[in-house]
Amino acid sequence: MASTSAQSAFNARLFEKRFKRSETDLFGMLERLYGARDDYGAFCAALKDELAAAWDARPDDLKWCDLERDLEPDWFQRPDMAGYVFYLDRFAGDLKGAASKIDYLQDLGITYVHFMPCLKPRPGDSDGGYSVMDYRAINPAYGTMKDFERTTKAYHEAGISVCVDMVLNHTAKEHAWAQKARAGDPKYQDYYLVFDDDTLPKRYEETLVEVFPNHAPGNFTYYQDMGKWVWTTFNEHQWDLNWANPWVFLEMTQIMLHLANKGVDILRFDAVAFMWKRMGTRCQSEPEVHMLLHALRAASRIVCPSAIHLEEAIVGPAEMLPYLGRGEHDGREGNLAYHNSLMVQYWSALAARDTGLMRHVLGTHFPPILTNATYATYIRCHDDIGWAVTDEDAGAVGLDGRLHRAFLSDFYEGVFPGSFSKGALFQHNPDTGDKRISGSFASLAGLERALEANDPAAVDTAIDRIVMGHALIASFGGVPLIYMGDEIALLNDYGYKDSPDHAHDSRWVHRPRMDWSRVSALAASPKSPAARVYAETKHILARRRATPELHGGMPTIIADTEAPELFAFIRKSPAASVVCIYNFSEHWTTIGRAWAEEAGAQRFWDQLSGQPVFSDGGQIKLPPYARLWLA
Ligand code: GLC
């Protein structure tokens with residue numbers, strides 16, 4: 001740039017352009033949400049000022065990244081994207097430690113990291129950091145905001161994008177706004193959902209569901225000192241924000257832009273389904289939630305277009321898809337959303353050795369292609385597995401929904417006869433019969449039991465299940481997210497029971513500390529389960545990078561193999577197709593070469609193994625838990 005004044009004129013014009021591009025998206029939504037209020041004009045003016053201020057504050061290197069990603073808007077859909085999710089302390093101690101682990105992640109093939117909640121949480125039990133008391137400060141146990149910026153920069157230089165949680169639905173009760181509300185300040189009481197008596201809470205409760213029925217029953221909490229009830233969907237210490245108040249929207253937008261200006265590439269919006277309340281409903285995924293998310297996306301498109309949004313809505317298939325934009329929100333809402341159904345269906349098919357339900361759910365509820373968006377595909381995360389299978393979907397393939405869900409819980413808890421799994425129950429709700437499950441990938445997939453039984457064949461089988469899961473999420477379409485430790489087959493960690501802040505929450509069973517001694521031993525003991533899973537996972541990510549058809553923008557077409565144990569889909573690019581086939585059973589099986597040809601396979605060559613397929617006559621032979629990417 002010739003001079004500073006030319007530079008600032010350029011900047012101002014660029015902002016003007018970006019503002020114009022998304023103005024209708026932003027104010028179109030806000031008008032519908034808040035337009036009837038007397039203070040709407042003042043709110044809009046304040047919001048415009050905030051956008052301009054955040055743009056002025058945005059560092060030049062990030063503005064450069066904005067331009068790059070505007071030119072290459074599919075950057076997050078490309079097959080070289082692969083994510084890794086970890087708690088900073090459990091992975092590497094703190095932010096400085098995380099910077100020292102970049103080599104390890106690069107070796108594995110990682111280009112995206114999710115630093116699990118890293119903003120300043122309330123003291124004591126903070127729901128794994130999801131009870132935030134200060135969104136502008138880093139958890140002091142992990143370092144400072146400077147450390148965060150330094151570590152993020154180091155990751156960027158290594159070609160790795162950074163994802164950070166921003167909890168949208170609630171703050172900790174220790175947050176400054178909640179403290180002021182508690183002290184009686186009406187302005188801040190309007191930031192939350194505060195009630196003088198329990199008349200309305202009781203009416204809402206009639207249709208609300210319980211998120212943590214065991215350790216945090218009920219959705220409201222009475223505070224003696226305030227003489228009021230507060231909406232607390234999750235834990236007592238997590239106060240739901242009142243998004244019907246535009247000034248909450250403004251505050252949260254400021255925070256979002258502040259985080260993006262610190263270098264965050266992917267904003268993970270936590271618990272979005274709960275953001276809007278409507279009497280007589282479950283208060284989840286109400287239409288206004290999508291208007292809010294659409295507006296937030298427009299705001300970030302103006303100030304920090306290189307940052308994308310990952311929406312966390314762990315709901316059934318029909319309800320989940322709109323988070324990636326449907327109808328008027330198409331291409332304008334989340335860029336990423338967790339594919340909860342793929343995860344649930346992986347576990348369901350694995351237990352049942354039958355992919356009928358999986359084929360039905362993934363084939364009927366999900367379109368082959370999305371606009372400006374893709375899935376976050378995963379097999380395990382830091383949360384429990386809830387059996388999000390509807391009665392209708394189960395019924396469509398001849399199953400009883402309630403019985404199938406109960407079967408899955410029993411199977412993965414390990415109490416179903418013949419189960420290979422070892423998990424822990426989470427939040428058994430006797431009213432609905434729901435039982436959710438915690439457990440690490442390896443333990444749920446059978447490795448823990450196999451090792452206990454000293455059974456080498458069962459160890460091999462468990463490893464195959466894990467590798468098949470990683471191959472599935474790498475090929476389905478989306479950004480595969482590997483949960484820390486799954487690449488070295490870490491087992492359940494029962495030590496959480498000794499921690500007073502964790503003992504009540506079995507999700508900690510699958511939040512172990514990274515085992516770096518195991519990592520150091522990988523090369524020396526290549527036959528260990530850890531080394532085998534690591535090598536295969538690394539190989540899968542490398543093959544993914546080399547397979548252009550796996551780009552998130554290419555359609556995923558679910559195919560019918562007519563074999564109950566096989567799940568198959570076709571990834572179609574204009575030039576070629578890859579036919580992905582997975583065997584969800586411990587038995588050998590076959591699929592016709594003619595079927596594969598019809599599905600689009602041109603060569604009987606497995607892109608994943610780099611080997612010709614094994615066939616006999618007209619049949620391709622598939623070993624137990626086979627994974628095949630047919631060229
Ligand atoms: C999300 C998080 C979960 C947390 C909840 C409440 O679902 O993933 O860990 O308990 O939000 O913040």
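Residues numbered from 1 in each chain as written. Predicted model: local features only at pLDDT ≥ 70, side-chain atom pairs only at ≥ 80, totals over all residues. Heavy atoms only, no water.

What to know about the packing of helix 14 (residues 340-352) against helix 20 (residues 456-475)
Between helix 14 and helix 20, whose axes approach to 12 Å, the crossing angle comes to 145°. Regarding helix 14 and helix 20, the two cross each other, and that crossing is right-handed. Contacts between helix 14 and helix 20 involve Leu342, Tyr346 and Leu350 from the first element and Arg465, Ile466, Met468, Gly469, Leu472 and Ile473 from the second. (Axes fitted to C-alpha atoms, helices over the stretch in contact; angles between N-to-C directions. Helix = DSSP H or I, 4+ residues; strand = E, 2+ residues; numbered from the N terminus. Left-handed = near helix turned anticlockwise from the far one by under 90°. Contact = heavy atoms within 4.5 Å.)

Concerning helix 11 (residues 246-261)
Its 16 residues place the ends of helix 11 22 Å apart at the C-alpha level, agreeing with the 22 Å of an ideal helix rising 1.5 Å per residue. Counting buried positions over the 16 residues of helix 11 gives 13, a clear majority of the element. The backbone nitrogen of Trp247 has a side-chain oxygen 2.9 Å away, supplied by the residue at the start of helix 11, namely Asn245. Backbone geometry just after helix 11 places Gly263 at a positive phi near 110°. (Expected span 1.5 Å × (residues − 1). Buried < 20%, exposed > 50% of the residue type's maximum accessible area, 1.4 Å probe, protein only. Polar contact = N/O pair within 3.5 Å; in protein donor to acceptor, adjacent residues only side chain to side chain.)

Points about the sheet that holds strand 9 (residues 228-231)
Sheet strands line up and pair through hydrogen bonds in the backbone, either parallel or antiparallel. Strand order in the open sheet formed by 3 strands is 7-9-8, and the pairing between neighbours is antiparallel. Single-partner strands in this sheet number two, and they are strand 7 (194-195) and strand 8 (220-223). Here strand 8 pairs with strand 9 via 4 bridges, running antiparallel. Its bridge partner lying in strand 9, Phe220 is registered against Trp231. (Pairing = 2+ DSSP bridges.)

With respect to the domain arrangement of the protein chain
Each assigned domain of the protein chain is listed here: domain 1 (176-240) and domain 2 (551-630). Its C-alpha centre places domain 1 at a distance of 52 Å from the equivalent point of domain 2. (Domains from an automatic or database assignment.)

Some points on the packing of helix 2 (residues 40-57) against helix 11
The description of two helices packed together rests on the angle between their axes and the distance between the axes. As a packed pair, helix 2 and helix 11 sit with axes 10 Å apart at the nearest point and diverge in direction by 5°. It follows from the interaxial angle that helix 2 and helix 11 lie roughly parallel. In contact with Ala42, Phe43, Ala46, Leu47, Glu50, Leu51, Ala54 and Ala57 of helix 2, helix 11 contributes Pro246, Trp247, Phe249, Leu250, Thr253, Gln254, Leu257 and Asn261. Each residue belonging to the contact of helix 2 with helix 11 can be placed in one class, and the counts come to 12 nonpolar, 3 polar and 1 charged. (Parallel < 35°, antiparallel > 145°, perpendicular 65-115°, else oblique. Nonpolar A, V, L, I, M, F, W, Y, C, P; charged D, E, K, R; others polar.)

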